[in-house]
Amino acid sequence: QVQLVESGGGLVQPGGSLRLSCTVSGLSFRFYTMGWFRQAPGKQRELVATIRTGTTNYADSVKGRFTISRDNAEKRVDLQMNSLKAEDTAVYYCNAHNVMSNNNYWGQGTQVTVSS
């Protein structure tokens with residue numbers, strides 16, 4: 001059974017930082033592109049960042065502020081979020097995608113709220 005479990009969300013003031021983690025089980029982690037997506041109230045889910053071995057991709061809105069990383073041995077992907085803004089408030093979802101098989105999995109989501 002594939003499981004993606006996010007942690008690290010919470011309430012933070014504007015300008016603050018949070019680190020999200022996603023621990024994966026039940027799949028061959030190193031063969032998957034890992035990503036973070038987010039969905040704000042009333043909006044569609046959007047890509048935040050993705051990472052394959054040696055390659056990262058970021059939404060323009062988070063470039064220079066967020067950093068995605070992965071640990072294949074620990075089967076974990078992290079998202080370091082700095083200089084947080086109110087518009088970063090959303091539920092953040094971990095995603096695992098295999099290009100060859102087109103298998104796609106989601107975590108349950110973790111709430112990030114940026115507010116003073």
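Residues numbered from 1 in each chain as written. Predicted model: local features only at pLDDT ≥ 70, side-chain atom pairs only at ≥ 80, totals over all residues. Heavy atoms only, no water.

Asks: Help me understand the pattern of salt bridges, please; the structure alone is not making it clear to me.
Replies: Note on pairing: side chains with opposite charge can pair once their charged atoms come close. Tallied over the entire structure, the rule returns six salt bridges. With its nearest N and O atoms 3.1 Å apart, the salt bridge here joins Asp60 to Lys63. In this structure, Arg65 engages Asp88 in a salt bridge whose closest nitrogen and oxygen atoms are separated by 2.8 Å. Within this pair, whereas Arg65 is found in the loop between strand S6 (55-58) and strand S7 (66-71), its partner Asp88 is found in the loop between strand S8 (76-81) and strand S9 (90-97), the two being separated by 23 residues in sequence. (Salt bridge = Lys/Arg side-chain N within 4 Å of Asp/Glu carboxyl O. Helix = DSSP H or I, 4+ residues; strand = E, 2+ residues; numbered from the N terminus.)

Asks: Any chance you could explain the pairing of S6 here in plain terms?
Replies: Regular strands show a simple pattern: their side chains alternate between the two faces of the sheet. Examined bridge by bridge, strand S5 (residues 46-52) and S6 share four bridges and lie antiparallel to one another. Note on S6: the bridge partner recorded for Arg52 is Thr55. Hairpin connection, S5 to S6: the antiparallel pair is bridged by two residues, and Gly54 has positive phi, about 80 degrees. (Pairing = 2+ DSSP bridges.)

Asks: What is the right way to look at the packing of aromatic side chains in this model?
Replies: Centre-to-centre distance and the angle between the planes together describe a pair of aromatic rings. In the structure shown here, the tally under the stated rule is three aromatic pairs. Both rings, one in Tyr32 and one in Tyr105, keep their centres 6.2 Å apart while their planes meet at 45 degrees; by these two values the pair is tilted. Separated by 73 residues along the polypeptide, Tyr32 in the loop between strand S3 (18-25) and strand S4 (33-39) and Tyr105 in strand S10 (residues 104-106) bring together distant segments of the chain. Assessed through its relative accessible area of 8%, Tyr32 is described here as buried. Assessed through its relative accessible area of 26%, Tyr105 is described here as partly exposed. With 5.0 Å between their ring centres and 70 degrees between their planes, Phe37 and Trp106 make a pair best called edge-to-face. Here Phe37 is found in strand S4, whereas its partner Trp106 is found in strand S10, with 69 residues between them in sequence. Cluster of aromatic residues (ring-pair linked, three or more members): Phe37, Tyr93 and Trp106. Lying across the ring of Tyr93, Arg45 places its NZ or CZ 3.7 Å from the centre. The side chain of Arg45 reaches across the aromatic face of Trp106, ending 4.5 Å from its centre. (Phe/Tyr/Trp six-rings, centres within 6.5 Å; stacked < 30°, edge-to-face > 60°. Buried < 20%, exposed > 50% of the residue type's maximum accessible area, 1.4 Å probe, protein only. Lys NZ or Arg CZ within 6 Å of the ring centre and 35° of its normal.)

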